[in-house]
Amino acid sequence: MKIGVVGLPNVGKSTLFNAITEAGAESANYPFCTIEPNVGVVDVPDPRLDVLGEIYHTQKIVPASIEFMDIAGLVAGASKGEGLGNKFLSHIREVDAIVHVVRCFENEKIIHVSGSVDPIRDIEIINLELVLADLEQVTKKYEKDSKLIRVGEKSLLDSVNLLEKVKAQLENGKPVRLLNLGDDEKEILKSFSLLTAKPVIYVANIGENDIPNGGNNLSKQVEQFAKAENSGVITLCARIEEELLTLPKDERQMFKDELGIKESGLEKLVKASYDLLGLMSFLTAGEKEVRAWTIKRGTKAPGAAGKIHTDFEKGFIKAEIVSYDDLVEAGNFLKAKEKGKVRIEGKEYVMQDGDVVLFRFNV
């Protein structure tokens, strides 16, 4: 899974990226200090893996992972080449979801590119640039495919009908993700690689003093905006998240407790990303390795097996499954089996979060 971290210059974007990836990206008080996207691969926090590791006396623990890209600060006019323009926009097309960092703190020492702090205005600046970039792309494709239909290429009819609907949405200044589309239309839409079709998590970046209250009036505006468009939203203080990294690991929890921080920024982001994209994890466990695998909710057993290896899916016979809670309660797989907690599931079984699975297959 690839997540693009975006935002106007000086909103705390690179600071947040540093905090969640420990990658040490350059962060400075001037626009465009990030030119090429910084990339960090992050382990998905999952305490279940350590517990399974102890049960199985495993040699290796492999968590699921997310790739974060810190993409250069965007400004008004980017769709026409202002700032880093199209270079910035091309990086966003590569990601599965967008984390949009929004400044919700006042600090005279940190310059705001627009001269004042206004989170909704900032959101709308970036959203408009993405809309304009998509509109240019959609208009070109619509005109090209419409001509092909007129000369007999009827296979493009469904695509052109969808393009017409998408074009009207963009001309109204609205993101494509807000369109109500059927399953077939959603499948066609994927091939367009549109920026505004990507799901978004807004990150309200607050100041340290606002942590005990869980935010401020500015962050509440962001929460309401996100709710209105069914997007994800979390509130955190990027600077404090980054400061936590400078402490020894055994002191971090104490510092978090003092500030009233229940979850790290990474934990919040991962949870929001999984919810937004409809993802979950199943687990495999043994003496050699304990591993988490990320799949879409609703995935059936053969599809989950295919995440491990395509041969597992092709030759799928059955899956031996025990829920994580039942396995832990029993103490080990054998005892869970004796208690009747291990189930034999076939091709139609829909995987559940926390399933511990042993796939049986025939190549």
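None of these values were measured; they are calculated from a predicted model. (Residues numbered from 1 in each chain as written. Predicted model: local features only at pLDDT ≥ 70, side-chain atom pairs only at ≥ 80, totals over all residues. Heavy atoms only, no water.)

*Asks:* It is not clear to me how the side chain of Thr-196 should be interpreted in this structure. Could you clarify?
*Replies:* For Thr-196, the position within the fold is in the loop between helix 6 (183–190) and strand 6 (200–205). Taking relative accessible area as the criterion, Thr-196 reaches 1% and is therefore assigned buried. Within polar-contact distance, the side chain of Thr-196 engages the backbone nitrogen of Val-176 at 3.1 Å. (Helix = DSSP H or I, 4+ residues; strand = E, 2+ residues; numbered from the N terminus. Buried < 20%, exposed > 50% of the residue type's maximum accessible area, 1.4 Å probe, protein only. Polar contact = N/O pair within 3.5 Å; in protein donor to acceptor, adjacent residues only side chain to side chain.)

*Asks:* Quick question: what am I supposed to make of the sheet that holds strand 5 (residues 97–103) here?
*Replies:* The strand order across the open sheet built from six strands is 2-4-1-5-6-7, with neighbouring strands paired in mixed fashion. Across the chains shown, the open sheet's two edge strands, defined by having one partner strand only, are strand 2 (38–43) and strand 7 (232–236). Direction aside, neighbouring strands of the sheet carry axes that sit 25 degrees apart on average. Relative to strand 5, strand 1 (residues 2–6) runs parallel, the two sharing four bridges. Looking at strand 5, one finds that Gly-4 is bridged to Ile-98. (Pairing = 2+ DSSP bridges. Axes fitted to C-alpha atoms, helices over the stretch in contact; angles between N-to-C directions.)

*Asks:* Please explain the pairing of strand 5 as it appears in this structure.
*Replies:* Residues in a regular strand point their side chains to alternate faces of the sheet. Counting buried positions along strand 5 gives seven out of seven residues, so the element sits mostly inside the fold. Burial along strand 5 is two-sided: Ala-97, Val-99, Val-101 and Arg-103 and Ile-98, His-100 and Val-102, pointing in opposite directions, are all buried. Where strand 5 and strand 6 come together, six bridges link them in parallel fashion. The partner of His-100 across the bridge, within strand 6, is Tyr-202.

*Asks:* What's the story with the packing of helix 4 (residues 119–150) against helix 5 (residues 157–171) in this structure? I'm lost.
*Replies:* To describe two helices that pack against each other, one gives the angle between their axes and the distance between the axes. Taken N-terminus to C-terminus, the directions of helix 4 and helix 5 make an angle of 150 degrees; their axes are 9 Å apart at the nearest point. Between helix 4 and helix 5, the crossing angle belongs to the class labelled roughly antiparallel. Two packed elements cross with a definite hand, and for helix 4 against helix 5 that hand is left-handed. Contacts from Val-131, Asp-134, Leu-135, Val-138, Thr-139, Lys-141, Tyr-142, Asp-145, Ser-146 and Ile-149 in helix 4 reach Leu-157, Ser-159, Val-160, Leu-163, Glu-164, Val-166, Lys-167, Leu-170 and Glu-171 in helix 5. Of the residues that constitute the contact of helix 4 with helix 5, the class distribution is ten nonpolar, three polar and six charged. (Parallel < 35°, antiparallel > 145°, perpendicular 65-115°, else oblique. Left-handed = near helix turned anticlockwise from the far one by under 90°. Contact = heavy atoms within 4.5 Å. Nonpolar A, V, L, I, M, F, W, Y, C, P; charged D, E, K, R; others polar.)

*Asks:* Which parts of the structure should I look at to understand empty space enclosed by the protein?
*Replies:* Unfilled space is identified by rolling a water-sized probe across the atoms. Under the definition given, this model contains two cavities of 30 Å³ or more. Of the voids in this model, the largest cavity is the one considered here, and its volume is about 40 Å³. The wall of the largest cavity is formed by Val-6, Ile-98, His-100, Ile-126, Asn-127, Leu-130, Arg-177, Val-200 and Tyr-202. Looking at the lining of the largest cavity, the elements with two or more residues in it are strand 5, helix 4 and strand 6. The dominant element in the lining of the largest cavity, judged by the number of residues it contributes, is helix 4, at three residues. (1 Å grid on protein atoms, 1.4 Å probe; cavity = no way out; pocket = protein on both sides within 12 Å on 5 of 7 lines; lining within 4 Å. Points joined across faces, edges and corners; volume = space filled by probe spheres on them.)

*Asks:* Can you help me understand the packing of aromatic side chains in this one?
*Replies:* Think of a pair of aromatic rings as described by two things: how far the centres are apart, and how the planes are tilted against each other in angle. Counted under the stated rule, the structure contains five aromatic pairs. For the ring pair Phe-282 and Trp-293, a centre distance of 6.3 Å and an interplane angle of 15 degrees mean the geometry is stacked. Here Phe-282, found in strand 8 (residues 279–285), pairs with Trp-293, found in strand 9 (residues 290–296); they are eleven residues apart in sequence, far enough to count as distant. For the residue pair Phe-282 and Trp-293, the accessibility class agrees, reading buried in each case. Ring centres of Phe-282 and Phe-359 lie 6.0 Å apart, and the angle between their planes is 85 degrees; on these two criteria the pair is classed as edge-to-face. Placement of the pair is Phe-282 in strand 8 and Phe-359 in strand 12 (residues 355–361), with a sequence separation of 77 residues. One exposure class covers both Phe-282 and Phe-359, and it is buried. Through pairs of rings, three or more aromatic residues link up here, namely Phe-282, Trp-293, Phe-316 and Phe-359. (Phe/Tyr/Trp six-rings, centres within 6.5 Å; stacked < 30°, edge-to-face > 60°.)

*Asks:* Sorry, what's going on with the confidence of the model for the protein chain here?
*Replies:* In this model, the protein chain carries an average pLDDT of 87, and 89% of its residues clear a pLDDT of 70 or more. Mean pLDDT values for the elements of the protein chain range from 62 in helix 3 (residues 85–92) up to 97 in helix 13 (residues 324–330). Confidence drops under a pLDDT of 50 for residues 23–35, and excluding neighbours within four residues, the segment shows 35 contacts in the predicted structure. (pLDDT = per-residue confidence, 0-100.)

*Asks:* Would you mind going over unusual backbone geometry with me for this structure?
*Replies:* A negative phi holds for most residues other than glycine; trans holds for most peptide bonds. In this structure, Asn-10 takes a positive phi of about 65 degrees despite not being glycine. Within the secondary structure, Asn-10 sits in the loop between strand 1 and helix 1 (13–21). Exposure remark for Asn-10: the relative accessible area of 14% places this residue in the buried category. Residues other than glycine seldom take positive phi values, yet Asn-230 does so here, at roughly 55 degrees.

*Asks:* Teacher, can you tell me more about the pairing of strand 1 here?
*Replies:* Here strand 1 lies mainly inside the structure; four of its five residues are buried. Here strand 1 pairs with strand 4 (residues 65–70) via four bridges, running parallel. Across the sheet, Ile-3 pairs through a bridge with Phe-68, a residue of strand 4.

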